[in-house]
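Understanding the architecture of this molecule
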Amino acid sequence: MSAQITKAEVAKHKDEKSMYIIIDDGVYEIANFVDEHPGGAKILKRFAGKDATKQFWKYHSKGVMDKWGAKLKVGTLKEEAKL
Ligand code: HEM
């Protein structure tokens, strides 16, 4: 079972040491990926600690997730009550 990570926890990971982004219900560690991102490091860093689902699916096809998803995934977004 993969780790359940809250949105608040994701938000803490936003620098070079550790950079999390959310895509759908997955949490991805991209600190070591930003420099090889074909779309550039800058745009990725802008989403560090945040949900990038909409932007991800705007620029990538499912094949990108199939190739990279498992390598970068560190957990699943924890379901929280929406108040
Ligand atoms: C885990 C997260 C991500 C991975 C693994 C990833 C991977 C890739 C790959 C492999 C490409 C090359 C093009 C392709 O094969 O389709 C690409 C291009 C690109 N990515 Fe990402 N990406 C990620 C997140 C993001 C995010 C959050 C943005 C924010 C907008 C972004 C913006 C772009 C852009 C603008 C391009 C260039 C598209 C083009 O030249 O047509 N990516 N990315």
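Our structure's up above, just so we're on the same page.
Nothing here was measured: the structure is a model prediction, and the numbers come from that model. (Residues numbered from 1 in each chain as written. Predicted model: local features only at pLDDT ≥ 70, side-chain atom pairs only at ≥ 80, totals over all residues. Heavy atoms only, no water.)

1. Some details on the overall build of the protein chain
A count of helical and extended segments in the protein chain gives four helices and five strands. Mapped in sequence order, the helices and strands of the protein chain form the string β-α-β-β-β-α-α-α-β. Whereas a compact globule of 83 residues would reach a radius of gyration of roughly 12 Å, the protein chain reaches 12 Å, a difference of no more than 12%. Counting only C-alpha atoms and orienting by the principal axes, one finds that the protein chain spans roughly 35 × 25 × 25 Å. The burial tally for the protein chain puts 35% of its 83 residues in the buried class. When the accessible area of the protein chain is evaluated, it comes to approximately 5800 Å², of which 55% is carbon and sulfur surface. (Helix = DSSP H or I, 4+ residues; strand = E, 2+ residues; numbered from the N terminus. Rg over C-alpha atoms; globule rule 2.2 N^0.38 Å. Buried < 20%, exposed > 50% of the residue type's maximum accessible area, 1.4 Å probe, protein only. Areas by Shrake-Rupley, 256 points an atom, 1.4 Å probe, with all protein chains shown as cover.)

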